[in-house]
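The lines below spell out each chain.
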Amino acid sequence: MDNRDHIRLVFSDGEAMHFPPVDGQSILTSAEKAGNLLASNCREGTCRTCMARDADGNEVLLCITSAEPGMALHLPYQRTDVTPPSLRRAKINTFARASRSVWEIRYRLQFPLAFLPGQYVEVHFPGMDGPRRFSLANPPSQKEQVLHVRDLPGGAMSTYLNERAKPEDAFTVRGPFGVFYLRSTARPKLFVAGGTGLAPIVSMLSSIEPTSATPPLAVVAGFADAEDAYALETLQALAETLPLEVVLAADRAGEEWKGVVGNPITSLDEIRTIPLDGGTEAYLCGPPGMVNAARNALLARNLQAAAIFNEEFVHSS
């Protein structure tokens, strides 16, 4: 079989990968059987982590698209971005409620774990039946790593944090995973987060160096209730060093709430410092319904589909 019968994938930096299709298998599986590593997550066609584009710009989900000879697709990330995950031992430094419904866990690793701002890890705490996935909320330069955990009554993580967790608890961390990460471009950047989908957004914003070349930034942070809001001091501190506009939104709020009463999508109209048009790139993280609604709203404002990056956040229980 020559290269004309192979599948060709081109990464965003121009590097190309060739491999033969496996009859009856997906493009992703064919790549893996040839010894190639590609970004993937759900493997069911819902999370869009494995998304590529054909010559016409149409989206192709590698995990559910059958492999055929001669396919040529483009990937929205560099090959070097797909770092093989590794396992690390860790110990809890501190844990506390960040709001009524959110816990913050801070921990240290036995050995450093490199990651890109926006990526996630799998953590396995004592007494749990398996690992849970959480986005890192700290910049890669910070030695102490941070997780934001939603308090789901009856959930395994919530039960652990409420009843058994203590400082110095040992656990394991495996990662990094995902291709939801901050791109180094000069474009204005919009961040839209729902609930604990704010974690990777905080990681991204915290990793940006405040220089004269920093592009204008805006973040819309949405919460179901004002009492669920968290990381507000962190966002305010970032706004003092970065060209960052912060818009806070809560579906339910009392008179003391200083943000918008509404959801993150309607709150896009509050943004004043960056244009919501084809020159801006966007990063979305939160519940699937919010992410889909935000994507559609931004596409309607003529943002380019290839410049909208998203992570659909599924709460670990």
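Going by the structure above, here's the rest.
Residues numbered from 1 in each chain as written. Predicted model: local features only at pLDDT ≥ 70, side-chain atom pairs only at ≥ 80, totals over all residues. Heavy atoms only, no water.

This part takes up the overall build of the protein chain. Within the protein chain, the secondary structure is distributed over five helices and 17 strands. Rg of the C-alpha trace for the protein chain: 20 Å, near the compact-globule value of 20 Å for 317 residues, within the 12% margin. Projecting the C-alpha coordinates of the protein chain onto the three principal axes gives extents of approximately 65 × 45 × 35 Å. Relative to its full complement of 317 residues, the protein chain shows a buried share of 50%. Restricting the contact set of the protein chain to residue pairs at least 6 apart, pairs at least 24 apart contribute 67%. For the protein chain, the exposed area adds up to about 14,500 Å²; of that, 49% sits on carbon and sulfur atoms. Here the protein chain carries 29 positive and 36 negative side-chain charges, and the mean point of each set is 5 Å from the other. (Helix = DSSP H or I, 4+ residues; strand = E, 2+ residues; numbered from the N terminus. Rg over C-alpha atoms; globule rule 2.2 N^0.38 Å. Buried < 20%, exposed > 50% of the residue type's maximum accessible area, 1.4 Å probe, protein only. Contact = heavy atoms within 4.5 Å. Areas by Shrake-Rupley, 256 points an atom, 1.4 Å probe, with all protein chains shown as cover. Lys, Arg positive; Asp, Glu negative; His and termini not counted. Charge placed at Lys NZ, Arg CZ, Asp CG, Glu CD.)

On to the pattern of salt bridges, then. The final tally for this structure, using the stated rule, is 17 salt bridges. A salt bridge links R106 to E104; the shortest N-O distance between them is 3.0 Å. Residue R106 is classed as partly exposed on the basis of its relative accessible area, which comes to 26%. For D269, the salt bridge goes to R301, with nearest N and O atoms at 2.6 Å. One end of the pair, D269, is in the loop between β15 (260–261) and β16 (281–286); the other, R301, is in the loop between α5 (288–300) and β17 (308–312), and 32 residues separate them in sequence. (Salt bridge = Lys/Arg side-chain N within 4 Å of Asp/Glu carboxyl O.)

By size, the foremost hydrophobic cluster in this structure holds 29 residues, and its most contacted members are F191, L198, I201, L205 and Y283. Of all the elements in the fold, those that place two or more residues in this core are β12 (189–194), α3 (198–206), β13 (217–225), α4 (232–241), β14 (244–252) and β16. The element contributing the most residues to this core is α3, with five residues. Not counting the four nearest positions on each side in its chain, L205 is found in contact with F191, L217, V219, L235, L238, L242 and L244. (Core = buried A, V, L, I, M, F, W, Y, C linked by side-chain atoms within 4.5 Å.)

The next thing to look at is the pairing of β12. For β12, the tally of buried residues reaches six of six residues, placing the bulk of the element in the interior. The alternating pattern of β12 places K189, F191 and A193 on one face and L190, V192 and G194 on the opposite face, and all of these are buried. Of the pairings in the sheet, the one linking β12 to β13 comprises six bridges and is parallel in character. Paired with K189 across the bridge in β13 is L217. (Pairing = 2+ DSSP bridges.)

Turning next to the layout of surface pockets. There is about 590 Å³ of room inside the largest pocket. Residue lining of the largest pocket: 26 residues in total, with P76, V179, Y181, R183 and F309 positioned closest to the centre. Of all the elements in the fold, those that place two or more residues in the lining of the largest pocket are β3 (51–53) and β17. Sorting elements by how many residues they give to the lining of the largest pocket places β17 first, with four residues. Per-class residue counts for the lining of the largest pocket are 14 nonpolar, six polar and six charged. (1 Å grid on protein atoms, 1.4 Å probe; cavity = no way out; pocket = protein on both sides within 12 Å on 5 of 7 lines; lining within 4 Å. Points joined across faces, edges and corners; volume = space filled by probe spheres on them. Nonpolar A, V, L, I, M, F, W, Y, C, P; charged D, E, K, R; others polar.)

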